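Chain by chain, the residues run as shown.
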Amino acid sequence: MTENTDVVVIGGGYAGVMAANRLTQRDDVTVTLINPRPTFVHRVRLHQLVGGSDDAVIDYRDVLADGVRLVVDTVTRIDAAARRVTLATADGSGGTVGYDYLIYAVGSGSADPRVPGAAEFAHPIATLEEARRLRPIVDAAPATAAVTVVGAGPTGIETAAELAEAGRKVTLVCGEVLGPYLHPRGRRSVAGRLAALGVTVLDGSDAADAKVTAVTRDAVRLADGRELPSQVTIWTAGFGVPDLAARSGLSTDALGRLLTDETLTSVDDERIVAAGDSAAPSDLPLRMSCQAAIPLGARAADTVLSRIAGQRPSPLNQVFAGQCISLGRRAGILQFAHRNDVALWFHIDGRPGAKVKEFICEGIVKHLAAEARKAGSYSLHRVSGGTKRQQQLLRARRGEAPAAPARAAWRRIEGRIERRVEK
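Fair warning: this is a prediction, and the values are worked out from it, not measured in the lab.

Quick notes on the packing of aromatic side chains
Throughout the structure, instances matching the rule amount to four aromatic pairs. With centroids separated by 6.1 Å and ring planes inclined at 70 degrees, the aromatic side chains of F40 and Y60 adopt a geometry described as edge-to-face. Of this pair, F40 sits in strand β3 (residues 39-41) while Y60 is found in the loop between β4 (57-59) and β5 (68-72), placing the two residues 20 residues apart along the sequence. You can call Y60 buried: its relative accessible area is 4%. By the ring-pair criterion, three or more aromatic residues cluster together here, those being Y14, F40 and Y60. Over the ring of Y101 we find R271; its NZ or CZ atom is 4.6 Å from the centre of that ring. R287 extends its terminal NZ or CZ atom over the ring of Y181, reaching a point 4.5 Å from the ring centre.

Focus: the sheet that holds strand β23 (residues 322-326)
Pairing is antiparallel in the open sheet, where three strands are placed in the order β23-β24-β25. Each end of this open sheet is capped by a strand with a single partner; those strands are β23 and β25 (343-349). On average, each strand axis in the sheet is inclined to that of its neighbour by 15 degrees, with strand direction left out of account. Here β23 runs beside strand β24 (residues 332-337); their pairing, made up of five bridges, is antiparallel.

Comments concerning the confidence of the model for the protein
Across the protein, pLDDT averages 89, with 87% of residues at or above 70. Throughout residues 382-387 the model reports pLDDT below 50, and contacts reaching past four residues in sequence, or to other chains, amount to 17 contacts. For residues 401-414, every residue scores under 50 in pLDDT, and the model assigns this stretch 19 contacts once sequence neighbours within four places are set aside.

Quick notes on the packing of helix α1 (residues 14-23) against helix α9 (residues 350-373)
Packing of α1 against α9 leaves a shortest axis separation of 8 Å and a crossing angle of 25 degrees. On the basis of their axis angle, the class for α1 and α9 is roughly parallel. Of the two elements, α1 crosses α9, and the hand of that crossing is left-handed. Only I364, H367, L368, E371 and A372 of α9 make contact with α1, whose side of the interface consists of Y14, V17, M18, N21 and R22.

A closer look at the sheet that holds strand β9 (residues 101-104)
One open sheet holds the five strands; their spatial order is β5-β2-β1-β9-β21, and the pairing between them is parallel. Of all the strands in the sheet, just β5 and β21 (272-274) have a single pairing partner and so form its edges. Ignoring strand direction, the axes of neighbouring strands in this sheet form an average angle of 20 degrees. In the sheet, strand β1 (residues 5-10) pairs with β9 via four bridges, with the strands oriented parallel.

Here we look at the layout of surface pockets
Here the second largest pocket defines a volume of roughly 180 Å³. Residue lining of the second largest pocket: 14 residues in total, with V150, G175, V212, W235 and A237 positioned closest to the centre. Partitioned by chemical class, the residues of the lining of the second largest pocket number 10 nonpolar, two polar and two charged.

Quick word on empty space enclosed by the protein
Summed over all chains, the structure comprises two cavities of 30 Å³ or more. Roughly 50 Å³ of internal volume is contained in the largest cavity. Split by residue class, the lining of the largest cavity holds six nonpolar, two polar and three charged.

Let's talk about the pairing of strand β6 (residues 75-79)
Bridge analysis of β6 against strand β7 (residues 84-87) gives four bridges, and the strand direction is antiparallel. Pairing of D79 across the sheet is with R84, part of β7.

A closer look at the pattern of salt bridges
Where side chains of opposite charge bring their charged atoms close, a pairing between them can arise. This structure, assessed with the given rule, holds 22 salt bridges. For D302, the salt bridge identified is with R22, shortest N-O distance 2.7 Å. Highlighted residues: D302 in helix α8 (residues 290-308) and R22 in helix α1, separated in sequence by 280 residues. With a shortest N-O distance of 2.8 Å, R287 and D341 are connected by a salt bridge.

What to know about the side chain of T148
By the element assignment, T148 lies in strand β12 (residues 146-150). Look at T148 and you get buried, because its relative accessible area is 1%. When residues no more than four places from it in sequence are discounted, the contact partners of T148 are T171, V173, V220, P229, S230, V232, T233 and I234.

Remarks on α8
Here α8 contains 19 residues, and its C-alpha end-to-end distance of 27 Å stays within 8% of the 27 Å for a straight helix at 1.5 Å per residue. Phi turns positive one or two residues past the end of α8, at G310, with a value near 75 degrees.

Some remarks on the packing of α1 against α8
The N-to-C vectors of α1 and α8 enclose an angle of 35 degrees; their axes lie 7 Å apart at closest approach. Between α1 and α8 lies a crossing whose hand is right-handed. Taking contact as the criterion, the partners of Y14, A15, M18, A19, R22 and L23 in α1 are, on α8, C290, A293, I294, G297, A298, A301, D302, V304 and L305. Counted by class, the contact of α1 with α8 contains 12 nonpolar, one polar and two charged residues.

Observations regarding helix α4 (residues 128-140)
Between its first and last C-alpha atoms α4 spans 19 Å; for 13 residues at 1.5 Å apiece the expected length is 18 Å, and the two agree. Burial in α4 covers these residues: L128, E130, A131, L134 and V138. In an axial view of α4, the angular spread of the buried residues amounts to 140 degrees, which keeps them on one side of the axis. Facing away from the buried side of α4 by more than 90 degrees, the exposed set consists of R133 and A140.

Quick look at the pairing of β12
Buried residues dominate β12, accounting for five of its five residues. Residues A146, T148 and V150 line one face of β12 and the alternating positions V147 and V149 line the opposite face, and both faces are buried. Relative to strand β13 (residues 169-173), β12 runs parallel, the two being bridged by five bridges. Following the sheet pairing, V149 is matched in β13 by L172. Considered for its hand, the β-α-β crossover made up of β12, helix α5 (residues 154-165) and β13 is right-handed. The sheet contact formed by β12 and strand β18 (residues 232-235) spans four bridges and is parallel. Bridged to T148 within β18 is T233.

Basis of the calculations
Residues numbered from 1 in each chain as written. Predicted model: local features only at pLDDT ≥ 70, side-chain atom pairs only at ≥ 80, totals over all residues. Heavy atoms only, no water. Phe/Tyr/Trp six-rings, centres within 6.5 Å; stacked < 30°, edge-to-face > 60°. Helix = DSSP H or I, 4+ residues; strand = E, 2+ residues; numbered from the N terminus. Buried < 20%, exposed > 50% of the residue type's maximum accessible area, 1.4 Å probe, protein only. Lys NZ or Arg CZ within 6 Å of the ring centre and 35° of its normal. Pairing = 2+ DSSP bridges. Axes fitted to C-alpha atoms, helices over the stretch in contact; angles between N-to-C directions. pLDDT = per-residue confidence, 0-100. Contact = heavy atoms within 4.5 Å. Parallel < 35°, antiparallel > 145°, perpendicular 65-115°, else oblique. Left-handed = near helix turned anticlockwise from the far one by under 90°. 1 Å grid on protein atoms, 1.4 Å probe; cavity = no way out; pocket = protein on both sides within 12 Å on 5 of 7 lines; lining within 4 Å. Points joined across faces, edges and corners; volume = space filled by probe spheres on them. Nonpolar A, V, L, I, M, F, W, Y, C, P; charged D, E, K, R; others polar. Salt bridge = Lys/Arg side-chain N within 4 Å of Asp/Glu carboxyl O. Expected span 1.5 Å × (residues − 1). Arc of directions from axis to C-beta. Right-handed = clockwise from strand over helix to strand, strands pointing away.

This is the structure:
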């Protein structure tokens, strides 16, 4: 008889669901997904939850394979030596679940702001619970209330635009630059859309220092001495990861992501594999994003399946396509990038950008659902390839981006994409 293999996946986000679904390719593998919530969080829509245009949740029955056992609980410790995890459980009894292989996909959340008053008076938005707590606060605030969004990455930009489009008076405090990932052309486009929505953008483009030094109940203080009235302050500056790996005695990077090799296998234990925002392959983690999490989940599952089959796992060789940001319900931007995740000059914005963003958001769920119906159907060939990942990331960190494609070629691509979007 064939021996059964038990695989536990910690975390039911983009990476965890993809990994769990993919593992069901083998009938002799039992898959258990442990997640603290009974529903799947479509995290890229959390800003819409705050703005009131989406609830950002999906029933697990729509994205999770029937063969996956869902355990709604929180893992408090990983015992690598005994191959088991300890659960919080509602009654505090601390039950355990054993495993033969473990996929660590705990995701990310809000970082400690480390700014006086921010923890007490600013509202984070990185998790479902945080967004749900913020929603009634925004709704209860007068229409004329000053709303300040701190942090000008994708989450901050999307939240500011969403609320401004709903008629709110919004100030976006960037600290340094608006949309650090964006190419200057893309940044100008985003700035123009925010201006049209009435958002006041404070960045480091002039002599003033727009870094936040303190948050009070009704104001935000900046390093240059300015004090901005703020009845609702939303904090989107940075992400952190759960400390489960570190608490369990596993090796992590400085942020707390699980250190792995290029097959996403823990440097401490070949029975533990990581995926998503909480993974640090070769101590060169990919940008925290859904774009990275889904293929990382697939790659993590493939690593486990290879080991079960007695085969050598394939190394990570992932590339990026760019970054997509919504700017309210009627505009957006798709910022294209080199394979090494350095932004190109080319982007799609305006109404076509909004349509592309919505297409991508819907496509995320379709990818997960398709893998649930037919395990192994998600093709890593579409998102992997090119030169060695480590070399790409090292060059990118030194600012050595490869030459951009010819502009004429990009204009032809732009024309084809816009014609498809308009259809």
